[in-house]
Structures are given as structure tokens and as C-alpha cells.
Amino acid sequence: MKTIAILNLKGGTAKTVTAATMARCLSAEYSESVVLIDADQQGNLSQYFGITDTSQCGNTWRLLTEGAGYWPDFVTPISPTLDLIPSGMELARADLPNSGFKVTQIEELRTVLAEDNLDFLIIDLPPSLGTVVQAALLAADEVIIPIRLDTFSTAGMAKLAYQVDSMRSVNPRIRISGILGTQYQHTAYEREVHRLLLLESGLPVFQTLIRMSPPVPKSFDAHESILTFSPRCGATKDYRAFVEEYLEGSHG
């Protein structure tokens, strides 16, 4: 089983759409079994799937404070091969003293899911290095970093790469799977930033770029995957190509 953390220290880089679309694609088009964790207190991933009230269901905060236990108690089924652990503002308590937060809980969930022969655990993370992110990196095999192709978005790569590298003392499996350029608008500037990332960043970089496509925010409002909401739009084609590239391991 692969555990993938979707992370960037900068907001607005399409982390949530990437996590949701990758999970949908793996589940629906490759018949992989996937569990998604919404680990951001804003709950955007949960809202993407139409879940706005997490108080009456299993959620990420309960997972992190009560323990993995019987994992189906924490998930909301999305499809036969896709489950979501939703979240809400209660996650803001994770960094408070005596919150009951257990940093090993996502790693313990990962172990249980692997024993049950699930294929992927994908974690949508906030733009921070708080305790929830630490718990995810403790469990992760791989980190995918969605970025906008501009100077401000790429400036934090060294800090994030250092953080991932520092986690190897407690999680020797972890590695950066790749940097994924998102919201691409075909400008010469973006192409140059992508070229420099490939040549000079020292990190794996996906060749696939995810185009800026108007149907993406509309699909969010409709609580529907972009894969089915707009099957022929640029972002849909690009996310399919990205997942194929990821599975083939052709990046880096």
C-alpha cells in the first residue's frame, strides 16, 4: 500500500483538487481501493464531496484523538472503492496543549489499511508544518507537492524538501515523489519556471502540467469530480496523464 501526502506550505496551489482527483482516478479508472483523509481544518476536501457537517460522523479529529480502532467507523463511503475521512474546524485544536492529539495515529491507520490490503491512503494537508502535518509525514511513503509555476510558489521548495528529509530519521520510507505544476496557463514565464525546476531544483518534477480550466471550480460547487463533471476539459485530461505518469514512475 502507498501512503501519499499532498503538501505545500503555500495555499492556493490546488492541493485539494489534486488529492480528490487523483483518488477518484485511481479508484474509478484503475480499480484501486483508496482512503482519503481530509487533514485540513478548512475541510475543503470534505466539502468537495458534499460533506459540510462532520460532527455526526467519523472524522479526522476523532481518528487523531481516539485511535485507529476499527477503521470503517471513521470513513464516509464515496464509492465502492473510495472512502473519505472528513474534517472540520475541530482540527484547529491539534496544536493546543493537552488536546489529546496522538501523532502516531495516521501511521497506525496506515498499518491497519495495509493489513486489509487497501491500495492507497491519500492525505490532503494544510499549508503548514503543524502537528497534523507531522503526523501525516510520519505515515507517508511519498509527498506530492502541487505548485503554481511562479517565483513565490517555488521559493519555499527548499524548506519543504528539508522538512521531508528531516523526517527520515523517524520515517525512513518517506521521499518526495514529485513536484506537480498546477493552474498552468501556457505562458513563456511558466514554461521557464518548469524548465528550471526540472534542471536545477534537485527534486523530482512531473512532466505533466495541470492546466487552468474554468470547469474545475464549477465541479467543486457541484460536489462532483472534474473527471465526470467535464470529461473533455484540459484539467481532466491532464490529471489523467499525471496519474498515468505517477503510476509509471516516469518522473524525476
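Here, every reference points to the structure presented above.
As the structure is a computational prediction, the values presented were derived from the model and not from experiment.

About the cut-offs
- Residues numbered from 1 in each chain as written.
- Predicted model: local features only at pLDDT ≥ 70, side-chain atom pairs only at ≥ 80, totals over all residues.
- Heavy atoms only, no water.
- Axes fitted to C-alpha atoms, helices over the stretch in contact; angles between N-to-C directions.
- Helix = DSSP H or I, 4+ residues; strand = E, 2+ residues; numbered from the N terminus.
- Parallel < 35°, antiparallel > 145°, perpendicular 65-115°, else oblique.
- Contact = heavy atoms within 4.5 Å.
- Nonpolar A, V, L, I, M, F, W, Y, C, P; charged D, E, K, R; others polar.
- Buried < 20%, exposed > 50% of the residue type's maximum accessible area, 1.4 Å probe, protein only.
- Pairing = 2+ DSSP bridges.
- Expected span 1.5 Å × (residues − 1).
- Salt bridge = Lys/Arg side-chain N within 4 Å of Asp/Glu carboxyl O.

Caption draft 1: Representation of the packing of helix α1 (residues 15-30) against helix α11 (residues 234-248) in the model. Running from amino to carboxyl end, α1 crosses α11 at an angle of 75 degrees, the nearest separation of the two axes being 10 Å. By the angle between their axes, α1 is roughly perpendicular relative to α11. Two secondary-structure elements touch here, α1 through Val17, Thr18, Thr21, Met22, Cys25, Leu26, Glu29 and Tyr30 and α11 through Tyr239, Arg240, Phe242, Val243, Glu244, Tyr246 and Leu247. Class assignment for the residues of the contact of α1 with α11 results in 10 nonpolar, two polar and three charged.

Caption draft 2: Structural context of the pairing of strand β5 (residues 120-124). With five of five residues buried, β5 is to be regarded as a mostly interior element. Burial of the side chains of β5 extends over both faces: Phe120, Ile122 and Asp124 are buried on one face and Leu121 and Ile123 on the other. Of the pairings in the sheet, the one linking strand β1 (residues 2-6) to β5 comprises five bridges and is parallel in character. Opposite Ile4, over in β5, you have Ile122 as the bridge partner. For strand β2 (residues 34-38) and β5, the ladder comprises five bridges, and the chain directions are parallel. Looking across to β5, one finds that Val34 is bridged to Phe120.

Caption draft 3: Summary view of the sheet that holds β5. In space, the eight strands of this open sheet follow the order β3-β4-β2-β5-β1-β6-β7-β8, with mixed pairing throughout. The two strands at the open ends of the sheet, each matched to only one other strand, are β3 (76-79) and β8 (205-211). Each strand of the sheet is rotated relative to its neighbour by a mean of 25 degrees, with strand direction disregarded.

Caption draft 4: How the structure looks around the side chain of Ser27. With respect to the helices, strands and loops of the structure, Ser27 is situated in helix α1. Setting aside chain neighbours within four positions, we find Ser27 in contact with Glu32, Val34, Ser79, Thr81 and Leu82.

Caption draft 5: Structural context of unusual backbone geometry. The backbone of Ser31 sits at a positive phi, close to 60 degrees, despite the residue not being glycine. Residues other than glycine seldom take positive phi values, yet His186 does so here, at roughly 65 degrees. Among the structural elements, His186 can be located in the loop between β7 (175-184) and α8 (188-200).

Caption draft 6: Spatial organisation of α1. When the terminal C-alpha atoms of α1 are compared, their 21 Å separation across 16 residues agrees well with the 22 Å that a helix rising 1.5 Å per residue should span. Most of α1 is tucked away, with 12 of its 16 residues classed as buried. Following α1 by one or two positions, Ser31 adopts a phi angle in the positive range, close to 60 degrees.

Caption draft 7: Region of the structure containing helix α5 (residues 131-139). In terms of residue burial, α5 counts as a mostly covered element, since seven of its nine residues are buried. Its buried side turned inward, α5 meets β1, α3 (60-66), α4 (105-115), β5, β6 (142-148) and α7 (157-166).

Caption draft 8: Looking closely at the pattern of salt bridges. Applying the stated rule across the entire model yields 10 salt bridges. Close ionic contact of Arg173 with Glu107 constitutes a salt bridge, the shortest N to O distance being 3.3 Å. Remark: Glu107 occurs in helix α4 and Arg173 occurs in the loop between α7 and β7; sequence separation between them is 66 residues. Note that Asp238 is salt-bridged to Arg211, the shortest N-O span being 2.8 Å. A residue pair is termed long-range when its members are at least 10 positions apart, and Asp238 in helix α11 and Arg211 in strand β8 qualify at 27 residues. For Arg211, a relative accessible area of 29% translates into the label partly exposed. Taken together, the salt bridges that share partners define one network made up of Glu107, Arg110, Asp141 and Arg173.

Caption draft 9: How the structure looks around the environment of Ile145. Summarising the element assignment, Ile145 is placed in strand β6. Since its relative accessible area comes to 0%, Ile145 is described here as buried. Placed 64 residues apart in sequence, Ile145 and Thr81 show a C-alpha to C-alpha distance of 25 Å. In this structure, Ile145 is in contact with Leu7, Asn8, Met157, Leu160, Ile176, Gly178, Ile179 and Leu180, ignoring residues within four places of it in sequence.

Read these as geometric descriptors, not functional statements.
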